[in-house]
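Descriptive structure summary
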Amino acid sequence: MMQRKYANEEVDVVIVGAGAAGGVLAKELSEAGMSVVVLEAGPFRDPQKDFASDELSMNDLGWQDTRIVDGKDPLTMGHNNSGRGIGGGTVHFTAVFLRFQDADFKARTIDGVAEDWPIGYEDLEPYYSRIEKEIAVSGPKHFPWGNYHGPYPYPEREPLSPNAYLFMNGCDKLGIRSSVAPLAILSAPFEGRPPCINRGFCNQGCMPDAKFSTLIVHIPKAIKAGAEVLADCMVTQVLMGKDGRVRGVSFVHEGSTYEQKAKVVILSAYVVETPRLLLNSANAQFPNGLANSSGWVGKGIMVHSSQDVYAKFNDEIRLYKGTPVLATTQDFYRSDPNNNFVRGYTLHAHGARPVGFAQGISKSQGGPVWGERLRETLLNYNYYGRVTMVGEVLPHEDNRVTLTDELDSHGLPRAKVTFSYGDNDTKLIDHAVGKMSSILEAAGGKVEFVIPDTAHMMGGCRMGDDAEASVVNSYGQTHDIPNLFICDASIFVTSGAGNPTNTVMSLALRTADYIKEKAKKLELTSSG
Amino acid sequence: MTNFGHYPSFDVMKEQDEWDDHTQSIVASRLKPQGNFQFLTHAEAGMLNRICSILVSDQTPEVMNFVLGHIDQTLHKSPGEGQRKTGVPQAPELIREGLKAIDQGTRERYSASFLELDNVRQTQYLKDISESKAEPHPIWSRIPQEPLFQKLMSLTVEAYCSHPKVWSEIGYAGPAYPRGYVRTELGQVDPWEAKREP
Ligand SMILES: Cc1cc2nc3c(=O)[nH]c(=O)nc-3n(C[C@H](O)[C@H](O)[C@H](O)COP(=O)(O)OP(=O)(O)OC[C@H]3O[C@@H](n4cnc5c(N)ncnc54)[C@H](O)[C@@H]3O)c2cc1C
Ligand code: SF4
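Just so it is clear, the structure is predicted and the values come from calculations on it, not from any experiment. (Residues numbered from 1 in each chain as written. Chains lettered and ligands numbered in written order. Predicted model: local features only at pLDDT ≥ 70, side-chain atom pairs only at ≥ 80, totals over all residues. Heavy atoms only, no water.)

In terms of helices and strands, chain B carries eight helices and one strand. Written out in order from the N terminus, the α and β elements of chain B read α-α-α-β-α-α-α-α-α. C-alpha extents for chain B along the principal axes are approximately 60 × 35 × 30 Å. Per-residue burial for chain B yields a buried fraction of 55% across its 198 residues. Of the accessible surface of chain B, which amounts to about 9100 Å², a share of 49% is contributed by carbon and sulfur atoms. Here chain B contributes 21 positive and 27 negative side-chain charges, whose respective centroids are spaced 3 Å apart. (Helix = DSSP H or I, 4+ residues; strand = E, 2+ residues; numbered from the N terminus. Buried < 20%, exposed > 50% of the residue type's maximum accessible area, 1.4 Å probe, protein only. Areas by Shrake-Rupley, 256 points an atom, 1.4 Å probe, with all protein chains shown as cover. Lys, Arg positive; Asp, Glu negative; His and termini not counted. Charge placed at Lys NZ, Arg CZ, Asp CG, Glu CD.)

This is the structure in structure tokens:
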């Protein structure tokens with residue numbers, strides 16, 4: 001049995017999922033004096049005892065439970081794009097912390113593709129600043145691209161990694177601008193946490209607490225402000241009242257089912273589980289799933305194309321050293337009339353440890369690499385450098401989350417995730433692979449492997465002003481049910497061409513402000 | 001134990017006292033013999049031993065023993081596969097039925113069990129599977145070949161590249177907490193890292 005604080009009470013807010021968005025919401029709303037329960041499917045880990053400097057054993061930071069994948073380009077899920085446990089994806093993310101640019105919110109207006117967001121860069125600008133300050137993002141004095149050029153709250157990281165220096169050398173030779181990446185990683189002490197020691201295991205969880213995660217930053221603050229944060233609690237249904245409003249959720253903890261009543265329910269369970277929960281909560285009144293009168297729940301999911309290019313050098317590079325991403329360029333971020341595609345991409349110098357390296361190489365473009373060739377490559381592991389892309393992927397209705405007939409251990413239908421690249425996406429990838437290759441070659445390497453890969457998920461419950469073609473408004477409030485909110489990466493309209501989590505967290509701050517405001521005016525009441 | 005790479009005398013385990021306790025116990029446990037498999041039968045383990053060593057072109061017994069132990073535990077505990085393509089059987093069934101098909105397939109094609117074939121034929125048969133070309137068709141009709149190959153590959157590679165012997169061989173300095181890296185310019189190494197030997 002669990003120790004409970006709010007077992008039989010109706011709380012102000014229940015938050016499903018304690019990841020990037022859920023963590024921010026929990027902190028903001030509990031600090032505003034609201035009663036908050038956070039339900040998280042995965043465990044509450046202690047970085048010192050539960051993390052390890054090891055790839056294999058830290059695979060379970062990912063959402064390992066099976067998703068069925070389909071489409072022309074079936075996705076690799078699990079550790080690759082989904083977190084599980086308090087902190088969600090922030091526990092094992094790479095911590096590259098970028099803002100979106102004004103053009104990211106206006107793909108339809110600028111390029112006639114996808115849809116515009118119902119908000120623009122200027123709406124998020126104050127929230128980006130607040131989040132960056134709150135977690136002391138480190139970054140350059142002058143960031144060359146986009147709408148914000150710095151300075152960042154904390155100085156840029158120094159020293160970098162060998163692979164980052166290599167990347168910057170290559171860029172210099174080609175006249176491509178490069179910069180130290182803005183990172184949610186400390187470059188100096190902050191709130192009792194030490195600066196990064198460049199050990200390089202960001203994707204396995206940061207043991208010294210130098211890297212931000214909501215596990216170590218927002219959730220402890222929320223608990224201090226009175227929030228009840230429950231781990232190992234998988235929410236299985238959103239419960240409807242008789243008046244068309246939600247009244248709470250049911251969840252499973254160690255095999256038993258419980259209910260939590262709440263005035264407001266916020267789903268922050270990420271791009272697969274948020275739509276899955278809405279679809280699994282279908283009832284007589286909402287036979288196609290909750291908040292789905294538009295039919296858009298689960299549709300329009302996106303990833304970033306994330307092709308890796310490996311080149312071999314005559315001298316050792318040692319990809320294991322240092323924070324995985326320390327250098328970046330956004331010179332190819334925006335649409336360029338000279339290209340045969342619209343939108344763009346970011347390029348990062350990206351380190352790799354042996355498991356990730358070999359798993360990638362083995363799936364190389366042009367057929368699997370194994371046997372003697374793989375072994376030979378492994379023996380030369382220290383001689384490879386790598387660049388990776390974060391490419392914009394346009395949304396498509398057919399890329400979606402649906403339910404299958406196969407059940408999980410809770411008896412819930414598993415999610416099916418269908419994904420295929422479109423024509424623009426593949427042209428953009430070809431262009432980026434060319435640029436990455438030329439950077440590595442300018443730095444003195446010989447390109448040997450191109451690895452098809454994807455990163456980050458977005459969309460599936462997109463925001464919009466039109467209730468017939470979107471699921472939520474720009475505050476994450478569902479069009480259909482006023483006291484049901486969605487706040488996570490699923491509400492993105494387009495993917496942008498940079499890492500998304502600064503935007504996820506800024507949207508969460510904005511939603512929190514909105515809920516606080518509404519609550520003050522007593523506009524968010526529970527179901528009768 | 002011979003080390004074939006650029007760093008013949010590097011042994012990453014010499015540094016283990018510098019690692020945090022949790023990491024130390026995880027990595028050290030990989031050096032202990034893994035016996036008493038819970039999922040794999042004796043015959044399946046024998047076949048896998050051969051297949052996995054071809055996939056990574058390395059037969060070092062203690063490394064292969066760890067790889068098999070990892071595969072056995074993964075199939076036994078079934079923590080979830082992250083993702084599985086539509087129409088592909090669950091991992092335990094895919095591997096079990098896949099091994100059966102490999103054995104029967106080579107018996108029909110070459111009148112010899114997989115283990116009785118020479119290395120060249122074994123490798124060729126695995127190559128056929130990787131390209132969904134393995135025959136005879138009736139034996140393979142229910143088993144998707146490329147997904148079988150990919151599953152075997154990813155289970156093998158993730159374990160193989162987690163063995164400290166392989167870390168030493170490739171010159172990977174391994175766990176780095178609480179110590180971290182200080183000398184990170186191109187060409188620099190910290191004192192405990194592997195040094196290239198001519
Ligand atoms: C390997 C990797 C590297 C990355 N690197 C970067 C990077 O460098 N920069 C960047 O900006 N982004 C990066 N990301 C992306 C980043 O992790 C996500 O954008 C971010 O975590 C999304 O936040 P979220 O709140 O939408 O969901 P999440 O953080 O994923 O949180 C969702 C939470 O909900 C929980 N949950 C799901 N279903 C239920 C349920 N039914 N009941 C209860 N709880 C549930 C999950 O367990 C999870 O903890 C990376 C991601 C990965 C996987
Ligand atoms: S590189 Fe730095 S931020 Fe990343 S895990 Fe290591 S200490 Fe933490």
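The rest of the description comes next.
A separate point is the pattern of salt bridges. Any two side chains of opposite charge can pair, given that their charged atoms come close. All names here are of chain B. Counted under the stated rule, the structure contains 45 salt bridges over all chains. Taking the shortest distance from any N to any O, the salt bridge between Glu-97 and Arg-142 comes out at 3.7 Å. Of this pair, Glu-97 sits in helix α4 (residues 91-110) while Arg-142 sits in the loop between α6 (137-140) and α7 (145-160), and the two are 45 residues apart along the sequence. With a relative accessible area of 59%, Arg-142 lands in the exposed category. Between Glu-131 and Lys-133 there is a salt bridge, with the nearest N and O atoms lying 3.1 Å from each other. For Glu-131, a relative accessible area of 31% puts it in the partly exposed group. (Salt bridge = Lys/Arg side-chain N within 4 Å of Asp/Glu carboxyl O.)

With that out of the way, let us pick up the site of ligand 1. All names here are of chain A. Among the 39 residues in the neighbourhood of ligand 1, the closest are listed as Ala-21, Glu-40, Val-96, Ala-489 and Thr-501. Thr-501 has a polar side-chain atom sitting 2.7 Å from a nitrogen atom of ligand 1. Out of a free accessible area of 990 Å², ligand 1 has 97% covered by protein chains. Mapped by element, the contributors of at least two residues to the shell around ligand 1 are α1 (20-31), β6 (234-240), α7 (270-280) and α11 (501-520). Tallied by class, residues from the shell around ligand 1 come to 17 nonpolar, 18 polar and four charged. (Near = heavy atom within 4 Å. Polar contact = N/O pair within 3.5 Å; in protein donor to acceptor, adjacent residues only side chain to side chain. Nonpolar A, V, L, I, M, F, W, Y, C, P; charged D, E, K, R; others polar.)

We now examine the interface of chain A and chain B. Listed per partner, the contact involves 64 residues of chain A and 64 residues of chain B. Summed over both sides, the interface between chain A and chain B buries roughly 4900 Å², with carbon and sulfur atoms accounting for 57% of that surface. The tally of links between chain A and chain B comes to six salt bridges. In this structure, B:Glu169 engages A:Arg375 in a salt bridge whose closest nitrogen and oxygen atoms are separated by 3.0 Å. Across the contact surface, chain A and chain B share 33 residue pairs in polar contact (both at pLDDT 80 or more). Sorting the residues of the side of chain A that touches chain B by element identifies α2 (47-50), β3 (67-70), α5 (162-174), α8 (354-362) and α9 (372-379) of chain A as the ones contributing at least two each. Split by residue class, the side of chain A that touches chain B holds 31 nonpolar, 18 polar and 15 charged. Looking at chain direction, β3(A) and strand β1 (residues 83-85) of chain B are connected through three bridges and run parallel. Each residue of the ladder has a partner; that of A:Val69, found in β1(B), is B:Lys85. (Contact = heavy atoms within 4.5 Å. Buried area = accessible area lost by both parts, 1.4 Å probe. Pairing = 2+ DSSP bridges.)

As a further point, take the confidence of the model for chain B. When pLDDT is averaged along chain B, the result is 96, and 98% of the positions lie at 70 or above. Across the whole predicted complex the pTM is 0.98, and at the interface the ipTM reaches 0.97. (pLDDT = per-residue confidence, 0-100.)

The UniProt record annotates "domain: Glucose-methanol-choline oxidoreductase N-terminal" (unreviewed entry) at residues 81-304 of chain A. Secondary structure within residues 81-304 of chain A divides into 22% helix and 16% strand; the distance between the first and last C-alpha atoms comes to 10 Å. (UniProt positions renumbered as here; feature names shortened; annotations may be inferred.)

Let us now look at the nonpolar core. Residues and elements named next belong to chain A. Within the largest apolar cluster, 155 residues are counted, with the highest numbers of intra-cluster contacts made by Ile-266 and Leu-484. Take this core: its biggest share by element is eight residues, from α11. Not counting the four nearest positions on each side in its chain, Ile-266 is found in contact with Val-13, Val-14, Ile-15, Val-16, Leu-25, Leu-29, Phe-485, Cys-487 and Ile-515. (Core = buried A, V, L, I, M, F, W, Y, C linked by side-chain atoms within 4.5 Å.)

All names here are of chain A. A contiguous patch of negative charge, built from Glu-115, Asp-465, Asp-466 and Glu-468, is present on the exposed surface. By secondary structure assignment, the location of Glu-115 is in the loop between α3 (107-111) and α4 (121-134). Classification of Glu-115 as partly exposed rests on a relative accessible area of 36%. (Patch = residues over 30% accessible without salt bridge, like charges linked within 9 Å, V, L, I, M, F, W, Y side chains within 5 Å.)

In this section: α4(B). All names here are of chain B. In a regular helix each residue adds 1.5 Å, so 20 residues correspond to 28 Å; α4 covers 27 Å between its end C-alpha atoms and thus fits that length. Of the positions making up α4, those classed as buried are Ala-91, Leu-94, Ile-95, Gly-98, Leu-99, Ala-101, Ile-102, Asp-103, Gly-105, Thr-106 and Tyr-110. If you follow the buried residues of α4, they end up packed against α2 (42-55), α3 (61-77), α5 (119-130), α6 and α7. (Expected span 1.5 Å × (residues − 1).)

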